[in-house]
Amino acid sequence: MIPAEFDYVAPSTVEEAVRTLSSAGEDAKVLAGGQSLLPVLRMRLADPSLVVDLGKVAEMRGIREEGDELVIGAMTSHHDVLRDDLVSEHAGLIALTTRTVADPQVRHRGTFGGSITHADPAGDLLAPVLAMDAEMVVAGPSGRRNIAAREFFVDYFTTAIEPDEILVEVRLPKYTGWSAHYEKFNRVAQAWSVVGVATTVLVEGGKIARARVGLTNMGATPIRAEGVEQALLGAAPTEEAIRQAAARATEGTSAGSDANADVDYREHLAEVLTGRALATAASS
Amino acid sequence: MTATPVSPSEPELGRARKRKEDARLVTGRTRWTDNMSPPGTVHLAVLRSPVAHARISSIDTSEARRMSGVHAVVTGADIAQRQGSLPCAWPVTEDMKAPDAPSMAVDSVNFAGEAVAMVAARSAAEARDALDAIDVDYEDLDVVLDIESAARDGSPLVHEELGTNRNATWTFDSVEAGTGGDVEQALRDAEVRVDRTFRQQRLIPAFMEPRSVLVDPTGEQYTVWSATQVPHILRTMIAMTLGTPEHKVRVIAPDVGGGFGGKLQVTPEEMLTFLMAEQLGRPVKWTESRSETMISGHHGRDQVQRLSLAARADGTVTGLKVDLLADMGAYLRLVSPGVPILGALMFNSIYKFDAYRFTCTNVFTNKTPTDAYRGAGRPEATFAIERMMDELAAELDMDPMEVRRRNWISHEEFPFDTIAGLTYDSGNYEAATDRAMEMFGYQQLRDEQVQRRQRGDTVQLGIGISTFTEMCGLAPSRVLGSLSYGAGGWEHSQVRVLPTGKVEVVTGTSPHGQSHVTAWSQIVSDRLGVPFEDIEVLHGDTQSSPRGLDTYGSRSLAVGGIAAVQASDKVVDKAGKIAAHMLECSEQDLDFAEGRFAVRGTDKGVGITDVALAAFTAHDLPEGVEPNLDAEASYDPENFSFPHGTHLCAAEVDTETGGVRIRSYVCVDDVGSVVNPLIVEGQVHGGLAQGIAQALYEEAIHDEDGTLTTATFADYLVPSTMDLPEFRTDRTETEATSNPLGVKGVGEAGTIASTPAVVNAVVDAIRHYGVTDVRMPCSPQRVWRALSEARSSSATEAESGGGLGSSDSDGGFATGGDR
């Protein structure tokens, strides 16, 4: 488990990081918390000539409010996300989901932005980010641009970020007053999700006024369960209404098979877990 | 004088001493093999075959040889004559078919992970880099993976030269052995007959410390450090395999981080590191990555078990027929063929059967070799019989514990000669069961189960039982001889009292996490009356501990511990002679207690420390007494020991997702007398985790090409504390009568007992839907699929036929998902 040889740099600003990346071409890898990249390097599934460590870029850490938005720095650790009051207040789904990520060691090293840019469809934070219509702020040689979450996740382990760009921060609309739940199903506590369902709903006057549902590991990217969202609108969160909505969970999914779940079982799980996620969110 | 020590005020035996080992280990002052680097050490990396079965057309090492830091690149062809064949010490039958087992493949590879080349380089990184520069051409051969099809005539062959994939067929028949009746007759006469096929999935030992070997050839002897359970066996086997004289080889097992049978092996890498050190004349070290462990360290279990059980309508079992296929993988390793045979003696478990027949056929496949894994044959047997007892109970609509009670050996019947030909010396199954049932709240849980069924709850409750026994304390040498094993089962110890009264205890057992240092200190402390702190335990180095047969099969305490007792008693005997001389009295007038020899009826006496000094100075010793206070003993047990216990598991099954949650787990183990309850508790907890892991989580999976797809812990699911329930444990103590401490051994009990308890609970939770089995590991998908299939078949099936008995007619799995 020894990586192939590579050069290592640790820039201290976003601009310096981008400059380093663009001069390295496509043969560089960005290191955030290292929870995915290091195993990949050690197993020699990748052998970049340069590793650009963002650990010293102070401006990429931390969480702040900007008007109607909550901004989470890409290098903020899961642990810091988890204990942040702003996240709990305005993005409960992010807090609840982060709590299910791996174990304390991983949550101290692993970063919010690292999980998202790694774009493993079994990664837990992708579905909430998609469901909450986040905007990804990326920096490249020609400055910064925003990418909507719907455009951001392209394929397995593939995002809309160019090789010479880095994710700087994630901007989330505030979901103040919404209730939320992340229903995670895995084989052992430290395993990846077989299926996960991220949902946040706004209940007003006993009815579901707005709903957001994202699915983990039901395709090459996180999936937005729009059919479920539509079915819920205006409905009282009864068992029957939730069941009917959850029945639409697999619309638009393209689940794969692996040792833990074949497609039919995975689709079945998506329905069951969507129902459970909604029931929990609507009653919390 | 009396040599038997009078109990001191607070005996060490039974004390929950904290481990002597821990202060050093938990603060990182460790001596793992990989920590050591003698001057000039070069690093070895092994290139492994990515394909499961192929001829090697060519290997081009020229580029690798030119790379920076590389000292040598060696292929199988380079060492074809020198490397010999790896030993198999257990030829189970005289006509056993065994392939040549080279440490490095020469002409063909037979499993993905087999060594095909090695590089020695200045640094581990350079050695690893050079592997990528070696170019091997493979010519693919047919891959043989499935045990059942491999065993059939006409199957493609793993080893063409053997003409078959069948290694050996071993049988035991109670008629031939004179221990009981004819099982076919019993099955014909059965009022109830239950036929089942169970699959023991392949498991991978997940010891914490990956394997590592360091060989230093620069002294008079080759010094071999290895993360091994078996330094003594390794030394002899290096000599026998490579022809290097045994006295020129010293083997050291320094700190070893777990083994679970996975380091009960003489490995290809030990031989290869040795050969590279020999070639280069300088120290060579190999340390594996976890994925190397997973693909090339030996695997465990992997059997197909076909069982037929005959019983009367009242639940009395009248016969059991066992037909096994056991997957050896591509080669025979140290004890591969004997592992399933150990199970032959255990299928009858704690029960009184009238007739028994066991047949096992060992089969070669193009997979990593299998060998001992915690329990080794006994978990497989225990699983099968405990599942069958539950199935019988279901057939008869009886309570599964009641079925067991009807069949088990009562505590008044010991010693008991079993149908498998063993003599169980002691046991009290009633006492352990009564205690477990009480702790568990059996009846309340049964009531809740009924309520959940009646309500049609999404979450159903199941109760699983495992009343197990095992044979441990391997082993009486004469029994091993009768099973064609290549060595004995004795153990050795030396006790040395130093001039200052401190004590060194040498043991031939080789700890790798079991707490021998603490336990042996306690044992010898009581025997000699020397403080616990004043005792050092030496082990794991063939120079300081020259004789022994190492640690496996829960043998250390029940065999090695007794050798230490006997050596201690010899020391006391000898000290008594010297003390009598010092005190100018007769030995018969001395009492020995708490380290002091006292002249009976007087206040005169002398401590063992004074005796030690007298022995050291040797100024005035009695006639014929040598000037030392040392003694040694080799102990060969008369019998195995037979721990037993009752394990009860309550599992909740989510019928929508198939998810299983263990709600409570109670076990009452009887491991005989206990030296240190803290150590016993640790062994039980770890064992339970490992057995539950087989029931619910772990499985080595190969794709159709023979590639292991679970070669990292991301895919091979080892549970953590997060996944396991709080264990509620207790003990009964029925002393073993076969040794002076009354101990039985505890290293494997939890693993052996827990697997069937959990699977029985899972099946019990959903049996009312028509499920009669779920293949291990009982993953959510398998449980869900078993439920789906049972529900759909019960919806379409007419009422089942009358009469008792059921069989899975297609030889597959009775209404169990097998995906």
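Quick caveat, the model's predicted, so the values are computed rather than measured.

Q: I'd like a rundown of the UniProt feature "domain: Aldehyde oxidase/xanthine dehydrogenase a/b hammerhead" (unreviewed entry) in chain B, residues and numbers included.
A: Taken from the UniProt record, the annotation "domain: Aldehyde oxidase/xanthine dehydrogenase a/b hammerhead" (unreviewed entry) applies to residues 27-142 of chain B. The straight-line gap between the two end C-alpha atoms of residues 27-142 of chain B is 51 Å; of that span, 11% is helix and 30% is strand.

Q: Account for the UniProt feature "domain: FAD-binding PCMH-type" (unreviewed entry) in chain A, with residues named and values stated.
A: In the UniProt entry, the feature "domain: FAD-binding PCMH-type" (unreviewed entry) is given for residues 1-177 of chain A. Across residues 1-177 of chain A one finds 33% helix and 25% strand; the C-alpha atoms that close the span lie 47 Å apart.

Q: Give a description of the packing of helix H19 (residues 677-696) of chain B against helix H20 (residues 749-766) of chain B that names residues and reports values.
A: Residues and elements named next belong to chain B. Relative orientation of the contacting elements H19 and H20 amounts to 45°, with a least axis distance of 7 Å. As the angle between them shows, H19 and H20 are arranged oblique. Crossing of H19 against H20: the hand is right-handed. Contact residues: Val684, Gly687, Leu688, Gln690, Gly691, Ile692, Gln694, Ala695 and Leu696 in H19; Gly750, Thr751, Ser754, Thr755, Val758, Val759 and Val762 in H20. Of the residues belonging to the contact of H19 with H20, the class tally is eight nonpolar, eight polar and no charged.

Q: Requested: an account of the confidence of the model for chain B, with residues and values cited.
A: Residues and elements named next belong to chain B. Within chain B, residue pLDDT values average 95, and 96% of them lie at 70 or more. Considering only residues more than four positions removed or in separate chains, one finds that residues 798-805, a stretch of pLDDT under 50, has seven contacts. This model gives residues 808-819 a pLDDT under 50, and the stretch forms 36 contacts once residues within four places in sequence are excluded.

Q: Lay out unusual backbone geometry in plain terms, naming residues and giving numbers.
A: All names here are of chain B. Between phenylalanine 414 and proline 415 the backbone carries a cis peptide bond, its omega angle lying at -5°. In this structure, proline 415 sits in the loop between helix H12 (400-407) and strand S17 (416-417). Note the cis peptide between leucine 474 and alanine 475, where omega equals -5°. For alanine 475, the location among the structural elements is in the loop between strand S19 (459-469) and helix H15 (477-482). Of note, alanine 376 is a non-glycine position whose phi angle comes to about 45°, a positive value. Within the element layout of this structure, alanine 376 appears in the loop between strand S16 (356-364) and helix H11 (378-396). Among the residues examined, alanine 376 registers a relative accessible area of 8% and is labelled buried. If you check the backbone angles, serine 515 has positive phi at about 80° while not being a glycine. Structurally, serine 515 can be placed in the loop between strand S21 (503-507) and helix H16 (516-528).

Q: Explain the domain arrangement of chain A to me, and be specific about the residues and the numbers.
A: Residues and elements named next belong to chain A. Annotation of chain A at the domain level lists domain 1 (7-51), domain 2 (61-173) and domain 3 (179-282). Distance from the C-alpha centre of domain 1 to the C-alpha centre of domain 2: 19 Å. Each side of the interface is counted separately: domain 1 has 12 residues, and domain 2 has 16 residues. Surface buried jointly by domain 1 and domain 2 totals about 1,100 Å² across both partners, of which 74% is contributed by carbon and sulfur atoms. Here domain 1 is connected to domain 2 by one salt bridge.

Q: How would you sum up the sheet that holds strand S13 (residues 207-216) of chain A? Please name residues and give values.
A: Residue and element names in this part refer to chain A. Reading across the sheet, the four strands line up as S11-S12-S13-S14 and stay open at both edges, with antiparallel pairing between neighbours. The sheet terminates laterally at strand S11 (179-185) and strand S14 (223-224), the two strands that pair on one side only. By the bridge criterion, nine bridges tie strand S12 (residues 195-204) to S13 in an arrangement that is antiparallel. Paired with leucine 202 across the strands is arginine 210, a residue of S13. Here helix H5 (residues 92-99) sits on the sheet in contact with S11 and S12, set at roughly 25° to S11.

Q: So what about the packing of aromatic side chains? Which residues, and what values?
A: All names here are of chain B. Applying the stated rule across the entire model yields 17 aromatic pairs over all chains. Judged by centre distance (5.7 Å) and plane angle (40°), the ring pair of phenylalanine 172 and tyrosine 356 falls under tilted. On the criterion of sequence distance, the pair formed by phenylalanine 172 in strand S8 (residues 166-173) and tyrosine 356 in strand S16 is long-range, its members being 184 residues apart. Take phenylalanine 172 and tyrosine 356: they sit in the same class, and that class is buried.

Q: Help me get a handle on the environment of leucine 130 of chain A, residues and values and all.
A: Along the chain, leucine 130 of chain A turns up in helix H8 (residues 126-131). Spatially, the C-alpha atom of leucine 130 of chain A lies 6.8 Å from that of arginine 224 of chain A, the residues being 94 residues apart in sequence.

Q: Report on the sheet that holds strand S7 (residues 135-140) of chain B, specifying residues and quantitative values.
A: Residues and elements named next belong to chain B. Read from one edge to the other, the open sheet built from three strands follows the order S5-S3-S7, with strand pairing classed as antiparallel. The outermost strands of the open sheet, each flanked by one partner alone, are strand S5 (108-109) and S7. When strand S3 (residues 54-60) meets S7, the two strands line up antiparallel, connected through six bridges. Across the sheet, residue alanine 54 finds its bridge partner in S7, namely aspartate 140.

Q: Provide a residue-level description of the domain arrangement of chain B, including the pertinent values.
A: Residue and element names in this part refer to chain B. What the domain assignment lists for chain B is domain 1 (2-29 + 490-635), domain 2 (33-141 + 208-258 + 263-296) and domain 3 (300-474 + 639-796). The centre of domain 2, based on its C-alpha atoms, is set 36 Å off from the matching centre of domain 3. Facing 32 residues of domain 2, the contacting portion of domain 3 comprises 28 residues. Contact with domain 3 buries surface across domain 2, with Trp90, Phe111 and Met294 losing the most and accounting together for 26% of the total. There are zero salt bridges connecting domain 2 and domain 3. Inspection of the domain 2/domain 3 interface yields nine residue pairs in polar contact (both at pLDDT 80 or more). Elements supplying a minimum of two residues to the side of domain 2 that touches domain 3: helix H7 (231-242) and helix H9 (290-296). When residues of the side of domain 2 that touches domain 3 are assigned to their parent elements, the largest contribution, five residues, is made by H9.

Quick notes on the rules
- Residues numbered from 1 in each chain as written.
- Chains lettered and ligands numbered in written order.
- Predicted model: local features only at pLDDT ≥ 70, side-chain atom pairs only at ≥ 80, totals over all residues.
- Heavy atoms only, no water.
- UniProt positions renumbered as here; feature names shortened; annotations may be inferred.
- Helix = DSSP H or I, 4+ residues; strand = E, 2+ residues; numbered from the N terminus.
- Axes fitted to C-alpha atoms, helices over the stretch in contact; angles between N-to-C directions.
- Parallel < 35°, antiparallel > 145°, perpendicular 65-115°, else oblique.
- Left-handed = near helix turned anticlockwise from the far one by under 90°.
- Contact = heavy atoms within 4.5 Å.
- Nonpolar A, V, L, I, M, F, W, Y, C, P; charged D, E, K, R; others polar.
- pLDDT = per-residue confidence, 0-100.
- Buried < 20%, exposed > 50% of the residue type's maximum accessible area, 1.4 Å probe, protein only.
- Domains from an automatic or database assignment.
- Buried area = accessible area lost by both parts, 1.4 Å probe.
- Salt bridge = Lys/Arg side-chain N within 4 Å of Asp/Glu carboxyl O.
- Pairing = 2+ DSSP bridges.
- Phe/Tyr/Trp six-rings, centres within 6.5 Å; stacked < 30°, edge-to-face > 60°.
- Polar contact = N/O pair within 3.5 Å; in protein donor to acceptor, adjacent residues only side chain to side chain.

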